[in-house]
Amino acid sequence: MNTSSSGDAWANWAFMLGLLGIGLALLLGIGMRLAAAAAGVMMAMMWAAEWPLAQHTSAGKPSGSTNPVTDYHFVYAIGAVVLALTYAGHTWGLGRQWAKLPFVQKNRWLI
């Protein structure tokens, strides 16, 4: 019995739709707080899936891992957080218009 969901169609679709949602939010400048939090979680899970601390693959070959902490997952997560904290969506995107919508005014966590 295989308990792993990696490679299953539903897991692939969920992963890609998650990345699409985060990417669109960051590009459009809407929902930046939520997108930054989701990007941080997604990057942490991707970092753990690659497990950079492992020096060798299961086949015994070198993994190519050079730095166990600061790799591109960390940089991307910090980049998303910086974009949200600096209100980049208000300057370069649709964030200002997004924040004026009534449902966003009622739910400030959507900014």
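About the cut-offs
- Residues numbered from 1 in each chain as written.
- Predicted model: local features only at pLDDT ≥ 70, side-chain atom pairs only at ≥ 80, totals over all residues.
- Heavy atoms only, no water.
- Helix = DSSP H or I, 4+ residues; strand = E, 2+ residues; numbered from the N terminus.
- Buried < 20%, exposed > 50% of the residue type's maximum accessible area, 1.4 Å probe, protein only.
- Contact = heavy atoms within 4.5 Å.
- Axes fitted to C-alpha atoms, helices over the stretch in contact; angles between N-to-C directions.
- Parallel < 35°, antiparallel > 145°, perpendicular 65-115°, else oblique.
- Nonpolar A, V, L, I, M, F, W, Y, C, P; charged D, E, K, R; others polar.
- Core = buried A, V, L, I, M, F, W, Y, C linked by side-chain atoms within 4.5 Å.
- Phe/Tyr/Trp six-rings, centres within 6.5 Å; stacked < 30°, edge-to-face > 60°.
- Left-handed = near helix turned anticlockwise from the far one by under 90°.

Q: Break down the overall build of the protein chain for me, citing the residues and quoting the values.
A: Helix and strand counts for the protein chain stand at six helices and zero strands. Order of helices (α) and strands (β) in the protein chain, N terminus to C terminus: α-α-α-α-α-α. Buried residues in the protein chain amount to 23% of all 111 residues. Pairs at least 24 residues apart make up 47% of the contacts formed inside the protein chain by residues separated by at least 6 positions.

Q: Got a sec to walk through the packing of helix H2 (residues 32-50) against helix H3 (residues 72-85)? Specific residues and values, please.
A: Axis separation between H2 and H3 bottoms out at 8 Å; the angle between their running directions is 175 degrees. The angle between the axes of H2 and H3 places the two elements in the roughly antiparallel class. Contacts between H2 and H3 involve Met32, Arg33, Ala36, Ala39, Gly40, Met43, Met46, Trp47 and Glu50 from the first element and Tyr72, His73, Tyr76, Ala77, Ala80, Val81, Leu83 and Ala84 from the second. Class assignment of the residues belonging to the contact of H2 with H3 gives a composition of 13 nonpolar, two polar and two charged.

Q: Go over the nonpolar core, please, and point to the residues and values.
A: The tendency in soluble globular proteins is for nonpolar side chains to be buried side by side. Counting nine residues, the largest nonpolar core consists of Ile22, Met32, Ala36, Ala39, Met42, Met43, Ala77, Ala80 and Ala84. For this core, the secondary-structure elements that each account for two or more residues are H2 and H3. By residue number, the principal contributor to this core is H2, which donates five residues. Ignoring anything within four residues of it in the chain, the contact list for Ala36 reads Ala80, Val81 and Ala84.

Q: Any chance you could break down unusual backbone geometry for me, citing the residues and the numbers?
A: Positive phi, normally seen in glycine, also occurs at Tyr87, with a value near 55 degrees. For Tyr87, a relative accessible area of 39% translates into the label partly exposed.

Q: Can you lay out the packing of aromatic side chains for me, pointing to particular residues and giving the numbers?
A: According to the stated counting rule, one finds two aromatic pairs in the structure shown. With a centroid separation of 5.7 Å and 65 degrees between ring planes, the pair formed by Tyr72 and Tyr76 is classed as edge-to-face. Separated by four residues within a single helix, Tyr72 and Tyr76 lie in helix H3, roughly one turn from each other.

Q: I'd like a rundown of the packing of helix H1 (residues 9-28) against H2, residues and numbers included.
A: Relative to each other, H1 and H2 sit at 140 degrees, their axes nearing to 9 Å. In terms of orientation, H1 and H2 fall into the oblique class. The crossing of H1 and H2 is left-handed. On H2, the residues touching Phe15, Gly18, Leu19, Ile22, Ala25 and Leu26 of H1 are Met32, Ala35, Ala38, Ala39, Met42 and Met46. Residues belonging to the contact of H1 with H2 are distributed by class as follows: 11 nonpolar, one polar and no charged.

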